[in-house]
Amino acid sequence: MIDVHGYSKRLESTSSRLAQLRHSDLLLAFVDHLLALGLSEGRVAKVANHLCKIFRNCPFDPSSASVRDVEGVVGVDKQPVLPDEHEG
């Protein structure tokens with residue numbers, strides 16, 4: 001298949017940026033895991049790019065982080081999801 005969006009190149013670029021960060025072994029292993037699960041290169045490139053931003057701007061140790069630590073970093077709100085106003 002032709003890679004018209006350049007996802008292979010984007011993933012390669014993002015992986016090289018991840019390799020320069022602290023905990024790079026764990027981050028790159030996670031990227032490899034997502035690829036092994038069969039996610040598209042585009043989706044994995046997107047996730048990897050988010051990982052770069054998170055670990056560059058809000059560094060923490062993912063190997064010892066709790067669920068609460070991760071939720072604090074990514075800003076997960078525990079509010080219930082309300083149905084869309086346009087739904088009947």
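Everything below is about the structure shown above.
A. Representation of the overall build of the chain within the structure. Within the chain one finds four helices and zero strands. Among the 88 residues that make up the chain, the fraction classed as buried is 20%. If you sum the accessible surface of the chain, you get close to 6900 Å²; carbon and sulfur atoms cover 54% of it.

B. Structural view of the packing of helix α2 (residues 24-36) against helix α3 (residues 41-57). Running from N to C, α2 and α3 cross one another at 160°; their axes reach a closest spacing of 10 Å. When the interaxial angle is binned, α2 and α3 end up roughly antiparallel. As α2 packs across α3, the resulting crossing turns out to be right-handed. In contact with Leu27, Phe30, Val31, Leu34 and Leu35 of α2, α3 contributes Glu41, Val44, Val47, Ala48, Leu51 and Phe55.

C. Highlighting unusual backbone geometry. The phi angle at histidine 23 is positive, at roughly 65°, despite the residue not being glycine. Topologically, histidine 23 is positioned in the loop between α1 (7-18) and α2.

D. How the structure looks around the environment of threonine 14. Considering the arrangement of structural elements, one finds threonine 14 in helix α1. Counting along the chain gives 38 residues from threonine 14 to cysteine 52, while the straight-line C-alpha distance between them is 7.5 Å. Once residues lying within four places of it in the same chain are set aside, the contact partners of threonine 14 are Ala45, Ala48, Asn49 and Cys52.

E. Main features of the nonpolar core. If you look at the biggest cluster of nonpolar residues, it comprises 13 residues, and the most contacted ones within it are Leu11, Leu18, Leu27, Val31, Leu51 and Phe55. Elements that contribute at least two residues to this core include exactly α1, α2 and α3. The element contributing the most residues to this core is α3, with six residues.

F. Highlighting the packing of α1 against α3. Closest axis-to-axis distance for the α1/α3 pair is 9 Å, and the angle between their directions is 25°. With respect to α3, the element α1 is oriented roughly parallel. Seen from above, α1 lies across α3 with left-handed handedness. Touching Tyr7, Ser8, Arg10, Leu11, Thr14, Arg17 and Leu18 of α1 are Glu41, Gly42, Val44, Ala45, Ala48, Asn49, Leu51, Cys52 and Arg56, all from α3.

G. Here's a closer look at α2. The first and last C-alpha atoms of α2 sit 18 Å apart over 13 residues, in line with the 18 Å expected at 1.5 Å per residue. Buried within α2 are the following residues: Ser24, Leu27, Val31 and Leu34. For α2, the angular spread of buried residues about the axis comes to 90°, placing them on one side. The exposed residues of α2 that point more than 90 degrees off its buried face are Asp25 and Ala36. Summarising the contacts, the buried residues of α2 are in contact with α1 and α3. Phi for glycine 38, located one or two positions after α2, is positive at around 100°.

What counts and what doesn't
Residue numbers restart at each chain and count upward from 1, following the sequence in its written direction. The predicted origin of the model limits local features to residues at a pLDDT of at least 70 and limits the giving and counting of side-chain atom pairs to 80 or more, whereas totals for whole chains, interfaces and linings rest on all residues. For the side-chain quantities, the full set of heavy atoms in the structure was used; hydrogens and water were omitted. Per the convention used, a helix needs a DSSP run of H or I reaching at least four residues, while a strand needs a run of E reaching at least two, with both numbered from the N terminus. Burial classification: accessible surface area is computed with a 1.4 Å probe over protein chains only, and a residue below 20% of its type maximum counts as buried, one above 50% as exposed, and the rest as partly exposed. Using a 1.4 Å probe, the Shrake-Rupley method yields the accessible areas, and only the shown protein chains count as cover for residues. Axes here mean lines fitted to C-alpha atoms, for a helix over just the part in contact, with angles spanning 0 to 180 degrees between N-to-C directions. Any angle from 65 to 115 degrees is called roughly perpendicular, while one under 35 is roughly parallel, one over 145 is roughly antiparallel, and all others are oblique. Crossing handedness: left-handed means the near helix sits turned counterclockwise from the far one by under a right angle, and right-handed means the same turn made clockwise. Whether two residues are in contact is decided by their heavy atoms: any pair within 4.5 Å suffices. In this description, a nonpolar core means a group of buried Ala, Val, Leu, Ile, Met, Phe, Trp, Tyr and Cys residues linked to one another through side-chain atoms lying within 4.5 Å. Multiply 1.5 Å by the residue count of a helix minus one, and that product is the helix's expected span. Arc definition: it is the arc formed by the directions from the helix axis to the C-beta atoms.

In short, geometric facts, not functional conclusions.
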